[in-house]
Amino acid sequence: MFKENDNKNYNTFVKKELPQNKNVLNDTENSSFIGGEEGFLIKSDGNIAKDVTGTEVGLNFWDKKVLYIHPNHEGTYKVISQGIIEGLRNLVREVYTAKTDQDVVNLANQIKPDLLLVLLGDTFPIDQVNAIRTMGIKTAVWFTDDPYYTDVTTKIALYYQYIFTQELSCVSYYQLLGSPQVHYLPLAVNTKYFYYQKEYNSTSIDVCFMGAGWNNRITLFDQIASYLSNKNTLIVGSRWDRMRNYHLLSDKIRFGFLSPEESANLINQSKIVINNHRSYDDSTLFNRNSNKLPAVSINPRTFEISACCAFQLSDVRQELHRYYEIGKEIETYSSPTELIEKIDYYLNHEDERHEIARRGHSKTLINHTYTKRLVTLLKVVFG
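Residues numbered from 1 in each chain as written. Predicted model: local features only at pLDDT ≥ 70, side-chain atom pairs only at ≥ 80, totals over all residues. Heavy atoms only, no water.

### Quick word on the environment of A264
Short version of the rule: We count a stretch as a helix when DSSP gives it H or I for four or more residues in a row; a strand needs E for two or more, and each element gets its number in order from the N terminus. Any residue under 20% of the maximum accessible area for its type is buried, any over 50% is exposed, and the rest in between are partly exposed; the area is computed with a 1.4 Å probe on protein chains only. In this description, contact between two residues means that some pair of their heavy atoms is separated by no more than 4.5 Å.
By the element assignment, A264 lies in helix α8 (residues 260-268). On the accessibility criterion, A264 (0% relative accessible area) is buried. Taking the C-alpha atoms as reference points, A264 and Q197, 67 residues apart in sequence, are found 8.6 Å from one another. The residues contacting A264, other than those within four sequence positions of it, are Y193, F194, Q197 and C308.

Listed below in structure tokens is the structure:
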């Protein structure tokens, strides 16, 4: 369905012309058009798809060209970028991609895209943004690290016509800076990496946590270390040796960073995955949030855990209820004591644990993929 060309180190994804037959979705060659890799199944009656729970969803397609700029950063940013590119391929006629250190102005002049979409934008030269805007091309940036990076994003935000931020509290902040087009757009899950793996149907890890040892996380795990020491626990990340009770969990901590594939494997092997958000004022590694903007939105790990059909216990974030029904699609804790109580309960109530995980999984594939997010973005830009 797509052909990929290498043109001066740029990647080009060109969608074929759609056949006139309205039953195009029967054509397995075109299955990715409706987001088959994002949790949808093919349905034979016209341009209608069904999601994994059988609910009909309408298709969206824009006859547009999008030039997408992804940062040179690796890790999470690469996973996000791949999810965005796949999502765009499902929704627009042509997708061109480039990195921030390339001559994007020249590329834009050649292909004349309808939209320049930049992820994060911290390393993309502003003079290139300005030059592309003078061509009459719409420009948009999607900030992914708010509010922790707002000291940086503040300096570049107003150069774009459209600002999208994954943090709800930052919408009014950018509006006060003077931007008329600021929109809340949370992150999502890249289902090429994070999905249910049947081979791990028999989970071997009781409790798992993946992530850096931010100060608030150190405080939490210090208080539950004695309890976790008697469970089959696995903690993966950096800076955990700062724990006061590190000696209780030293044999259960693995230092270093995980690839997306490794993260997904561990999630699938775990009975319970703990999710704990970074505090808005945490400065363990860095914090460029001098205005102390609050953090109320959820992290992408929330979606990744649920996409693997794993049971998660998350700390309470203000916006969590917007995405999942607490107690039915996800479980939460508000104190170390409650976390221990719920770990104990759900380790001993397997059927309830699986049912909550299954509901969260279905909700994620329906509502929280990058295809879904990009439908929202493209409707804002193009209507």
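### Some points on the pattern of salt bridges
The condition that has to hold: Between Lys or Arg on one side and Asp or Glu on the other, a salt bridge is scored when a side-chain nitrogen of the former is within 4 Å of a carboxyl oxygen of the latter.
Following the criterion strictly, the structure yields 14 salt bridges and no others. With a shortest N-O distance of 2.9 Å, E94 and R93 are connected by a salt bridge. Relative accessible area serves as the criterion here: at 21%, R93 is assigned to the partly exposed category. Note that E338 and K342 form a salt bridge whose closest N and O atoms lie 3.2 Å from each other. In this pair, E338 and K342 are both assigned in helix α11 (residues 336-347), four residues apart and thus about one turn of the helix distant. In this structure K342 comes out as buried when scored by relative accessible area, which is 18%. Salt bridges here are not isolated pairs; linked through shared partners, they connect D63, R93 and E94.

### Here we look at the pairing of strand β16 (residues 312-315)
As a reminder, the rule being used: With its strands directed away from the observer, a crossover is right-handed exactly when the path from the first strand over the helix to the second travels clockwise. At least two DSSP bridges between two strands are required for those strands to pair.
Neither face of β16 is left uncovered, since the one carrying Q312 and S314 and the one carrying L313 and D315 both have all their residues buried. One crossover worth recording links strand β15 (residues 270-275) to the parallel β16 by way of helix α9 (residues 300-307), and it is right-handed. As defined by bridge partners, β16 adjoins strand β17 (residues 331-333) across three bridges and the pair is classed as parallel. Residue pairing for β17: L313 is matched across the bridge by E331.

### Description of the environment of R301
Here R301 lies in helix α9. Note: C-alpha distance between R301 and M210 (91 residues apart in sequence) is 9.2 Å. Contact partners of R301, with chain neighbours within four places excluded, come to F194, M210, S263, I267 and N275.

### Side note on the environment of L248
Here L248 lies in helix α7 (residues 246-249). Excluding residues that lie within four positions of it along the chain, L248 makes contacts with A225, S226 and S229.

### Re unusual backbone geometry
A cis amide bond links D146 to the next residue, P147, at an omega of 0°. Positionally, P147 belongs in the loop between β9 (138-143) and α4 (150-153).

### With respect to the nonpolar core
To keep it simple, the criterion reads: Among buried residues, the Ala, Val, Leu, Ile, Met, Phe, Trp, Tyr and Cys ones that are joined through side-chain atoms within 4.5 Å form a nonpolar core.
Core analysis: the largest hydrophobic core is formed by 50 residues, its most contacted members being L67, L116 and F194. Counting residues in each nonpolar core, the second largest holds 26 residues, with Y68, L119, L377 and V381 among its members.

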